Amino acid sequence: MDSEYAINYRQLYDRHWWWRSRERFILNTLRRWHEQSDLSTQSREILDVGCGDALFFPKLKQFGNVSGVEPDTNLIDPGNPDFPAIYTGNIDETFEPGKKFDWVILLDVLEHIEKPAEVLLHICKHLNPGARLLITVPAFNLLWTRHDEYNHHFTRYNKKTFARMANGSGISIEKMKYFFHWMFPAKVLVRAKEAVLRGDPKPAEVPHSIINTCCFALSRIEQALITPLPIPFGSSLMISATVNHATEK
């Protein structure tokens, strides 16, 4: 990850409408999972993959005990009280957390990985029977812009390409749903503009407060009223999955 992005990461996470509305959307899903589960908060083990500086930990702790994985040390403050719960490295054969997990969260992580199915396989080795995974990825290569280049994405996914990638990865997909629908035409326009006006990729910035507030409100209204419908497009894709029974053995 670029050092400039790492420096701005906390401000983006705390203030940018996209991060704020995505977090609300994820938390609503996790609350439903919690209501449907027999596990208590005290006994549930949660792994946040690509956790950065554990910025999501305070919200995740309402559902269980939280650990994280982050390969980019530029994002992690050693003075963070949650630092001991963060494994600084990649999820591969060297990843030995010493426990098994019931929930795994991968929020916009897999698009950064050249061989994501291998990472999912390694994760599944450390899951309890019946474990659940919540994954988000950017959607549709049609929406590829310089933002993807700046953030070192390998690809964007649709439902078919994600299912193809996940086949044999150790997970069983329960549900896939697009969200940020209104951003689909917006990203198409950005791509068209970039095709005409050349330039170097730039880091994301928190927009003006009025724009930030309006985009957040629009996204939250959309998530409440439109996202529950079977809308076949969006700029992001959310996947709910479980560990494959064959992997549990």
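Let us look at the structure shown here.

## Re the overall build of the protein chain
Across its full length, the protein chain carries nine helices and seven strands. Since a compact globule built from 249 residues should have a radius of gyration of about 18 Å, the 18 Å found for the protein chain is in line with a globular shape. Here the C-alpha coordinates of the protein chain stretch approximately 55 × 40 × 30 Å along the principal axes. Within the protein chain, the fraction of its 249 residues that count as buried is 49%. Counting contacts in the protein chain only where the partners sit at least 6 residues apart, residues at least 24 apart contribute 75% of the total. Accessible area for the protein chain stands at about 12,600 Å²; split by element, carbon and sulfur atoms hold 55% of it. Separation of charge centres in the protein chain, based on 29 positive and 29 negative side chains, amounts to 8 Å.

## Structural notes on the side chain of Glu23
Assignment of secondary structure puts Glu23 in helix α2 (residues 17-36). Here Glu23 is in contact with Tyr13, Phe56 and Lys59, once residues within four sequence places are set aside.

## A closer look at the pattern of salt bridges
All told, the structure shown has eight salt bridges when counted by the stated rule. For Arg22, the salt bridge is made with Asp108, and the minimal N-O distance between the two is 2.7 Å. Of this pair, Arg22 sits in helix α2 while Asp108 sits in the loop between β4 (101-107) and α4 (116-124), and the two are 86 residues apart along the sequence. For the pair Arg22 and Asp108, one class covers both residues: buried. Notably, a salt bridge pairs Glu23 with Lys59, separated by 2.8 Å at the nearest N-O pair. Of this pair, Glu23 sits in helix α2 while Lys59 sits in helix α3 (residues 57-60), placing them 36 residues apart in sequence. We classify Glu23 as buried; its relative accessible area is 4%. Assessed through its relative accessible area of 35%, Lys59 is described here as partly exposed.

Reading the values: the criteria
Residues numbered from 1 in each chain as written. Predicted model: local features only at pLDDT ≥ 70, side-chain atom pairs only at ≥ 80, totals over all residues. Heavy atoms only, no water. Helix = DSSP H or I, 4+ residues; strand = E, 2+ residues; numbered from the N terminus. Rg over C-alpha atoms; globule rule 2.2 N^0.38 Å. Buried < 20%, exposed > 50% of the residue type's maximum accessible area, 1.4 Å probe, protein only. Contact = heavy atoms within 4.5 Å. Areas by Shrake-Rupley, 256 points an atom, 1.4 Å probe, with all protein chains shown as cover. Lys, Arg positive; Asp, Glu negative; His and termini not counted. Charge placed at Lys NZ, Arg CZ, Asp CG, Glu CD. Salt bridge = Lys/Arg side-chain N within 4 Å of Asp/Glu carboxyl O.

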